[in-house]
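Working through the structure, step by step
Below, each chain spelled out in residue letters.
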Amino acid sequence: MSAPSRHGLARTLSKLGVCSRSEAARRVLAGRVAVNGRIVLDPEHPVVRDRDRLSVDGQPAGAERRYLMLNKPRGLVTTVHDERGRDTIYRCLDGAGLPWLAPVGRLDKASEGLLLLCNDPEWAAAITDPERGPCKTYHVQIDTIPDDELLRTLTDGVDDAGEWLRARSVTLLRAGGKNAWLEVVLDEGRNRQIRRLMAALGIGVLRLLRVAIGPLQLGGLAKGQWRELTAEEVRVLVATNPV
């Protein structure tokens, strides 16, 4: 029988959904964390998750799993703490009495729309898995009227500094004047993928809104508002793989 896996205390607290790994390390160093009833001051102290009893401020570690969706407004940063003092998505959660929740993936500051948060690292990893995670759907306003050739190029892909960028599908939603709205579906999660793909073709992005993750639709959720996912939504999101 193999020995049980040991991991550092701060990492284990993060995996339990208590807080981020860096915040866990700060709590350990502050003497707020006990292992089997004894205060431990080393964030790397080895523990076995399912054997050792962990507590923070005298309370058993391991919050109830929570999963929610947020309609992220434009201008907020998708991070827990911003070193430049910018407003973060957590402004939308102030006063809600929620446990610590981490963003599942991210939307950049200028982007908006559907963003998931949870305190279940394994579930989050399944959602963001580049091969097995669900597709993401965006509505993108661009500063040109695309023709059929441009739409094909977006799905065929382009080289961006040695990285091949492409969309799974692109559909023209509407056009007028000098700009148009596209529906863009991605089946991989590269950093700023849509903006970089468009920029490589000389196209400017005016707005970028994520409207769906797999079968989960943003729907009528108001900007800056959030709601908890149903148990079925939680299950279906990790059961949905790109075809």
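Residues numbered from 1 in each chain as written. Predicted model: local features only at pLDDT ≥ 70, side-chain atom pairs only at ≥ 80, totals over all residues. Heavy atoms only, no water.

With that settled, the discussion passes to the sheet that holds strand β5 (residues 54-56). One open sheet holds the 4 strands; their spatial order is β3-β2-β5-β6, and the pairing between them is antiparallel. Two strands in the sheet have a free side with no partner beyond their single neighbour: β3 (38-39) and β6 (59-60). (Pairing = 2+ DSSP bridges. Helix = DSSP H or I, 4+ residues; strand = E, 2+ residues; numbered from the N terminus.)

Further remarks concern the pattern of salt bridges. Applying the stated criterion across every chain, the model contains 18 salt bridges. The partner of Arg91 in a salt bridge is Asp87, and the shortest N-O contact between them spans 3.0 Å. The partly exposed category is assigned to Arg91, whose relative accessible area is 46%. Ionic pairing is found between Arg166 and Asp187, a salt bridge with its closest N-O pair at 3.3 Å. Separated by 21 residues along the polypeptide, Arg166 in the loop between β12 (163-165) and β13 (169-176) and Asp187 in the loop between β14 (179-186) and α5 (193-200) bring together distant segments of the chain. A relative accessible area of 25% places Arg166 in the partly exposed class. Each of Asp160, Glu163, Glu188, Arg190 and Arg196 takes part in one network of salt bridges that share partners. (Salt bridge = Lys/Arg side-chain N within 4 Å of Asp/Glu carboxyl O. Buried < 20%, exposed > 50% of the residue type's maximum accessible area, 1.4 Å probe, protein only.)

All right, on to the pairing of β13 then. When β13 meets β14, the two strands line up antiparallel, connected through 7 bridges. Each residue of the ladder has a partner; that of Arg174, found in β14, is Trp181. Adjacent in sequence and paired antiparallel, β13 and β14 are bridged by 2 residues, among which Gly177 carries a positive phi angle near 65°.

Let's shift gears to the nonpolar core. In this structure, Leu117, Leu182, Val184, Ile194 and Met198 are the most contacted members of the largest nonpolar core, which totals 31 residues. When residues in this core are grouped by element, the largest group, 4 residues, is from β14. Apart from the residues lying within four places of it in its own chain, the contact partners of Leu182 are Tyr138, His139, Val140, Ile142, Pro146, Leu151, Leu154, Val170, Thr171, Leu172, Leu173 and Met198. Leu116, Trp123, Val211 and Ile213 belong to the second-largest nonpolar core, a separate cluster that totals 19 residues. (Core = buried A, V, L, I, M, F, W, Y, C linked by side-chain atoms within 4.5 Å. Contact = heavy atoms within 4.5 Å.)

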